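Topology and contacts: notes
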Amino acid sequence: DPSNQPLQTAVFALGCFWRSEAAFGCLNGVVRTSVGYAGGSKPNPEYRSLGDHAECVQVEYDPEVIGFRQLLEVFWSNHDSRQVFGQGPDVGNQYRSIIFTSGTEESRLAAVSKEREQSKSKSSIVTTQIQQLEAFHPAEPEHQKFELKRNPFLLQLMGNLPEEELERSTLAAKLNGYAAELCPSRIQKQIDAKINDIIKKGWPILREI
Ligand code: MHO
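Below is a short write-up of the structure.

Each value, and the rule that gives it
Residues numbered from 1 in each chain as written. Predicted model: local features only at pLDDT ≥ 70, side-chain atom pairs only at ≥ 80, totals over all residues. Heavy atoms only, no water. Axes fitted to C-alpha atoms, helices over the stretch in contact; angles between N-to-C directions. Helix = DSSP H or I, 4+ residues; strand = E, 2+ residues; numbered from the N terminus. Left-handed = near helix turned anticlockwise from the far one by under 90°. Contact = heavy atoms within 4.5 Å. Nonpolar A, V, L, I, M, F, W, Y, C, P; charged D, E, K, R; others polar. Pairing = 2+ DSSP bridges. Parallel < 35°, antiparallel > 145°, perpendicular 65-115°, else oblique. Core = buried A, V, L, I, M, F, W, Y, C linked by side-chain atoms within 4.5 Å. Buried < 20%, exposed > 50% of the residue type's maximum accessible area, 1.4 Å probe, protein only.

Now for the packing of helix α2 (residues 68-77) against helix α3 (residues 104-119). Direction vectors running N to C along α2 and α3 enclose 35 degrees, while the axes themselves pass 10 Å from each other. Between α2 and α3 lies a crossing of right-handed hand. Note on element contacts: α3 touches α2 through Glu106, Leu109, Ala110, Ser113, Lys114 and Glu117, opposite Phe68, Arg69, Leu72 and Trp76. Class assignment for the residues of the contact of α2 with α3 results in five nonpolar, one polar and four charged.

So, in structure tokens, the structure goes:
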């Protein structure tokens, strides 16, 4: 049952935003995800001209089910925060690692988690910045739920929702993570089972997991 708590929002930069969105999308308590640009000052950033911004994911979550602390754990475990400017093949300022915060409690939790991460090994420096969020600029539609959109089978299973619905959908956020195989393995298996069940029953449309 959805709780009556108002949803909260968190924004993180951890490399290519296609993957970032997938990594947060299937967590229980995450209601909605979207990708965009933040951390810089350029007005109206776009994918090919994002200026000094970083690629980010915005996570809307139910604080009764998941907390900022747990989101931080997912942040740290889904990228290499010791890489300066990027992850693997993606090199550049747009791929830098940032925890965006709103308020002093989030800043404190972010700082504590960064110290913990740094203490795991002193031989290289955690480059992650902690910044108060100024503005989140949503990215172009083609970058939203990118991993899911590469999977026509899953799109069809959801009844080929129009773009605006895909962007708002909790199920789409989950399946986007599933498509990228970035869900925690327990959730990955749960979704596998649900999809197999649906196929066996003769292709009704999947409405929730
Ligand atoms: N190397 C990736 C970067 C995409 S990410 C949205 C690609 O272009 O496939 O920056």
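So, on to the pairing of strand β7 (residues 129-132). As judged from the four bridges shared by strand β6 (residues 97-101) and β7, these two strands associate in the parallel manner. By the bridge assignment, isoleucine 98 is partnered in β7 with glutamine 129.

Turning next to the packing of helix α1 (residues 17-25) against helix α7 (residues 170-179). Contact geometry for α1 and α7: axes closest at 7 Å, N-to-C directions at 110 degrees. As the angle between them shows, α1 and α7 are arranged roughly perpendicular. The handedness of the crossing between α1 and α7 comes out as left-handed. Note on element contacts: α7 touches α1 through Ala173, Lys174, Asn176 and Gly177, opposite Glu21, Ala22 and Gly25.

This brings us to the nonpolar core. One finds Phe12, Phe24, Phe68, Leu71 and Ile99 to be the most contacted residues of the largest nonpolar core, which totals 20 residues. Mapped onto this core, the elements with two or more residues apiece are β1 (8-14), β3 (54-61), α2 and α3. The leading source of residues in this core is α2, at six residues. Leave out the neighbours within four places in its chain, and phenylalanine 12 touches Phe24, Glu55, Cys56, Val57, Phe68, Leu71, Leu72, Phe75, Ile98, Ile99 and Phe100. By size, the runner-up hydrophobic cluster in this structure holds 17 residues, among which are Leu157, Met158, Ile187 and Leu206.

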